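Coordinate analysis (summary)
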Amino acid sequence: MDTWTRRMTRPAPRSVSGVEMRKRQAAHIEAPPQAPGQPRPNTCCLCWCGCCKCLWNEDRIERSERQTCKMDSIEAVEEQQPSLDEVLSWARSFEMMLRSLEGREVFREFLRSEYSEDNLLFWLACEELKKETDPAVVEEKSRIIYEDYVSILSPKEVSLDSRVREGINQNLAEPSNLMYEEAQFQIYTLMHRDSFPRFLNSSVYRDLLANRRRACLDP
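Residues numbered from 1 in each chain as written. Predicted model: local features only at pLDDT ≥ 70, side-chain atom pairs only at ≥ 80, totals over all residues. Heavy atoms only, no water.

A few words on the overall build of the protein chain. Assigned secondary structure in the protein chain consists of 11 helices and zero strands. Across the protein chain, helices and strands are ordered from the amino to the carboxyl terminus as α-α-α-α-α-α-α-α-α-α-α. For the protein chain, buried positions account for 27% of its 219 residues. Contacts in the protein chain between residues at least 24 apart in sequence constitute 54% of all its contacts with a sequence separation of at least 6. When the accessible area of the protein chain is evaluated, it comes to approximately 15,700 Å², of which 54% is carbon and sulfur surface. (Helix = DSSP H or I, 4+ residues; strand = E, 2+ residues; numbered from the N terminus. Buried < 20%, exposed > 50% of the residue type's maximum accessible area, 1.4 Å probe, protein only. Contact = heavy atoms within 4.5 Å. Areas by Shrake-Rupley, 256 points an atom, 1.4 Å probe, with all protein chains shown as cover.)

Right, dumping it as structure tokens:
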């Protein structure tokens with residue numbers, strides 16, 4: 001029999017039926033689990049069980065870790081409190097307390113309990129005005145400060161003597177970023193001599209100080 005005849009008489013390869021294909025797929029799914037850390041063979045990167053070491057799976061894990069780190073950072077910032085040394089330094093220097101963000105917040109809480117919070121708010125507004133150089137912004141902020149803290153019609157009016165108040169009224173025609181400097185110093189002196197000693201003896205400060213001392217003693 002020649003070569004051509006043998007080729008013609010060779011049995012044709014058996015086709016794979018749909019039933020057999022499903023059996024093969026089932027056998028593949030039911031295969032024994034792989035060792036930990038080893039990817040399954042012939043699995044796509046979108047493996048439904050999430051076991052494959054593919055870019056999609058690694059990216060999903062990385063995004064989850066980044067989100068966790070972000071939440072931890074936010075909680076750490078929210079829980080941040082002044083150190084014991086910083087809290088003790090406030091008792092030695094009124095100026096140091098005012099320059100501390102945490103110190104101003106604690107002092108403001110105390111002033112609120114005495115209904116004199118507006119003194120600190122006025123002082124802070126004057127500090128912000130000093131930083132301005134744009135004439136239009138200076139004029140606007142000067143007007144707002146006057147309406148909020150100097151005008152006798154304002155419910156937040158601070159206590160200024162008549163001489164200082166008259167000087168402010170004259171400067172309103174040509175406002176500057178230093179027009180409230182004398183009034184600011186007057187309120188600073190009032191807070192330093194009157195409110196600050198009571199603050200140091202208040203439960204607001206003493207409780208914070210005790211809390212910081214306990215935190216230093218905790219292991």
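What follows concerns the environment of Lys-130. Relative to the assigned elements, Lys-130 resides in helix 7 (residues 117-130). For the pair formed by Lys-130 and Leu-178, sequence separation is 48 residues and the distance between their alpha carbons is 6.0 Å.

Two elements in contact, helix 9 (residues 162-171) and helix 10 (residues 181-200), have axes separated by 9 Å at closest approach and are oriented at 150°. One finds that helix 9 runs roughly antiparallel with respect to helix 10. Along this stretch, helix 9 crosses helix 10, giving a crossing that reads as left-handed. Contacts from Arg-163, Val-164 and Ile-168 of helix 9 reach helix 10 at Glu-182, Ala-183 and Gln-186. Taken together, the residues that form the contact of helix 9 with helix 10 break down as three nonpolar, one polar and two charged. (Axes fitted to C-alpha atoms, helices over the stretch in contact; angles between N-to-C directions. Parallel < 35°, antiparallel > 145°, perpendicular 65-115°, else oblique. Left-handed = near helix turned anticlockwise from the far one by under 90°. Nonpolar A, V, L, I, M, F, W, Y, C, P; charged D, E, K, R; others polar.)

Opposite charge on two side chains permits pairing when their charged atoms draw close. One pass over the full model with this rule turns up 12 salt bridges. Beyond isolated ion pairs, a larger network of salt bridges with shared partners links Glu-95, Arg-99, Glu-127 and Lys-130. (Salt bridge = Lys/Arg side-chain N within 4 Å of Asp/Glu carboxyl O.)

In terms of nonpolar packing, the biggest core is built from 37 residues, with Phe-107, Phe-122, Tyr-180 and Phe-199 touching the most fellow members. If you tally residues by element for this core, the top one is helix 10, at seven residues. Tyr-180 has contacts with Phe-122, Cys-126, Leu-129, Ser-142, Ile-145, Tyr-146, Val-150, Ile-168 and Leu-172, leaving out every residue within four places of it along the chain. (Core = buried A, V, L, I, M, F, W, Y, C linked by side-chain atoms within 4.5 Å.)

All right, on to the packing of helix 7 against helix 8 (residues 135-150) then. Running from amino to carboxyl end, helix 7 crosses helix 8 at an angle of 170°, the nearest separation of the two axes being 10 Å. On the basis of the axis angle, helix 7 is roughly antiparallel to helix 8. Where helix 7 abuts helix 8, its residues Asp-118, Leu-121, Phe-122, Ala-125, Cys-126 and Leu-129 lie against Val-138, Lys-141, Ser-142, Ile-145, Tyr-149 and Val-150.

The subject of this paragraph is the packing of aromatic side chains. Per the stated rule, a full pass over the model turns up 10 aromatic pairs. Ring geometry for Phe-199 against Tyr-205: centres 5.3 Å apart, planes inclined by 55°, an arrangement best described as tilted. This pair shows no difference in class: Phe-199 is buried, exactly as Tyr-205 is. Three or more aromatic residues link up through ring pairs in this structure, and these residues are Phe-94, Phe-107, Phe-110, Tyr-188, Phe-196, Phe-199 and Tyr-205. (Phe/Tyr/Trp six-rings, centres within 6.5 Å; stacked < 30°, edge-to-face > 60°.)

Turning to helix 8, a few remarks are in order. All of the buried residues in helix 8 are Val-138, Ser-142, Ile-145, Tyr-149 and Val-150. The arc that holds every buried residue of helix 8, seen down its axis, measures 70°, which confines them to one face. Close packing links the buried residues of helix 8 with helix 7 and helix 9. Two or three places before Ala-136, at the opening of helix 8, Asp-134 has a side-chain oxygen 3.0 Å from that residue's backbone nitrogen. (Arc of directions from axis to C-beta. Polar contact = N/O pair within 3.5 Å; in protein donor to acceptor, adjacent residues only side chain to side chain.)

Here we take up the environment of Leu-111. Inspection of the secondary structure puts Leu-111 in helix 6 (residues 101-113). Given the relative accessible area of 0%, Leu-111 is considered buried. Taking the C-alpha atoms as reference points, Leu-111 and Phe-196, 85 residues apart in sequence, are found 9.3 Å from one another. With sequence-adjacent residues up to four places away left out, Leu-111 is seen in contact with Ser-116, Glu-117, Leu-120, Met-191 and Ser-195.

This brings us to unusual backbone geometry. Generally, phi is negative for residues other than glycine and the peptide bonds are trans, each holding for most cases. One non-glycine residue, Tyr-115, lies in the positive phi region at around 60°. Turning to its location among the elements, Tyr-115 is positioned in the loop between helix 6 and helix 7. Here Tyr-115 falls in the exposed class, since its relative accessible area comes to 78%.

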